[in-house]
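# Examination of the molecular architecture
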Amino acid sequence: MGGESRFDISQNAYVKLVLHALKHKSSPVNGVLLGRVSPQKDVVEITDSVPLFHSHIGLLPQLEISLILIEEHYATKGVNIVGYFHANERFDDYELGSVAKNIGDHIYRYFPQAAVLLLDNKKLEALPKGKDRSPVMQIYTRDASRIWKLAGSEGSSQLTIKEPSANVVLLDYISTEKWKDIVDFDDHLDDISKDWLNPELFK
């Protein structure tokens, strides 16, 4: 079951998702997680992420197009969609809403160990004030009754960042306003010259 899996997210995948949310602070945003199951079958390794939308995030046609394009691109690399990321519109909203659950359900059908990550704005806001190395996200997995539930006692024990210094790097990118460079599928659909793979982001 998904609830028994641990999730290991790479620094670049993690930073990209948070920067996407920061670029569109007044909107809900979402993205997908790419990765594979470890050879030991006990860890889902999230190696990359793709920012999806910052407007009309529940619209099915755009979502389906984007998922097909993402799956086709990453299949050649032996990587699949393994989860979903969501940031709520309101800063103080810590609920996993119906849109996030529905998209999570869609991914779960193809990848039963899927997780949904929800941005924790409170942790993100506190980041510059402390030395917290844990992700600024809550992790949800589906239980036996097919309900998305916060995993672990605090919801973070099942999710770790591969590189311990990821939050330091994130803060550096925030201070240099790196979030302005993020391209998501909304941007790409408006202007196809904008690359949703964000190849220049970490160069």
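The model shown is predicted, which means the values in this text are computed figures rather than measured ones.

### Here's the deal with the UniProt feature "domain: MPN" (unreviewed entry) in the chain
- As recorded in UniProt, the feature "domain: MPN" (unreviewed entry) lies at residues 7-138.
- Across residues 7-138, the secondary structure splits into 36% helix and 27% strand, with the terminal C-alpha atoms separated by 12 Å.

### Comments concerning the pairing of strand E3 (residues 43-51)
- Counting buried residues in E3 gives seven out of nine residues, a clear majority hidden from the surface.
- Sheet topology places strand E1 (residues 6-9) next to E3; four bridges connect them, and they run parallel. In the sheet register, Asp 8 faces E3, and the bridge partner there is Glu 45.
- The sheet contact formed by strand E2 (residues 29-37) and E3 spans seven bridges and is antiparallel. Bridging across to E3, Val 32 finds its partner in Val 50.

### Some remarks on the environment of Lys 131
- Tracing the chain through its elements places Lys 131 in the loop between helix H4 (121-126) and strand E6 (137-142).
- Between the alpha carbons of Lys 131 and Tyr 84 there is a distance of 26 Å; along the sequence they are 47 residues apart.

### What about the packing of helix H1 (residues 11-23) against helix H5 (residues 166-175)?
- Interhelical geometry of H1 versus H5 gives an angle of 35 degrees and a closest axis separation of 10 Å. Handedness of the crossing formed by H1 with H5: right-handed. Across the interface between the two elements, Gln 11, Tyr 14, Val 15, Val 18, Leu 19 and Leu 22 of H1 pack against Ala 166, Asn 167, Val 169, Leu 170, Tyr 173 and Ile 174 of H5.
- Of the residues belonging to the contact of H1 with H5, the class tally is 10 nonpolar, two polar and no charged.

### Some remarks on the layout of surface pockets
- As a volume, the largest pocket reaches approximately 290 Å³.
- Counting only elements with at least two residues in the lining of the largest pocket, the list comes to H1, H4 and H5.
- Among the elements that make up the lining of the largest pocket, the one with the highest residue count is H4 (three residues).
- Here the lining of the largest pocket is composed, by residue class, of 10 nonpolar, four polar and three charged.

What counts and how
Residues numbered from 1 in each chain as written. Predicted model: local features only at pLDDT ≥ 70, side-chain atom pairs only at ≥ 80, totals over all residues. Heavy atoms only, no water. UniProt positions renumbered as here; feature names shortened; annotations may be inferred. Helix = DSSP H or I, 4+ residues; strand = E, 2+ residues; numbered from the N terminus. Buried < 20%, exposed > 50% of the residue type's maximum accessible area, 1.4 Å probe, protein only. Pairing = 2+ DSSP bridges. Axes fitted to C-alpha atoms, helices over the stretch in contact; angles between N-to-C directions. Left-handed = near helix turned anticlockwise from the far one by under 90°. Contact = heavy atoms within 4.5 Å. Nonpolar A, V, L, I, M, F, W, Y, C, P; charged D, E, K, R; others polar. 1 Å grid on protein atoms, 1.4 Å probe; cavity = no way out; pocket = protein on both sides within 12 Å on 5 of 7 lines; lining within 4 Å. Points joined across faces, edges and corners; volume = space filled by probe spheres on them.

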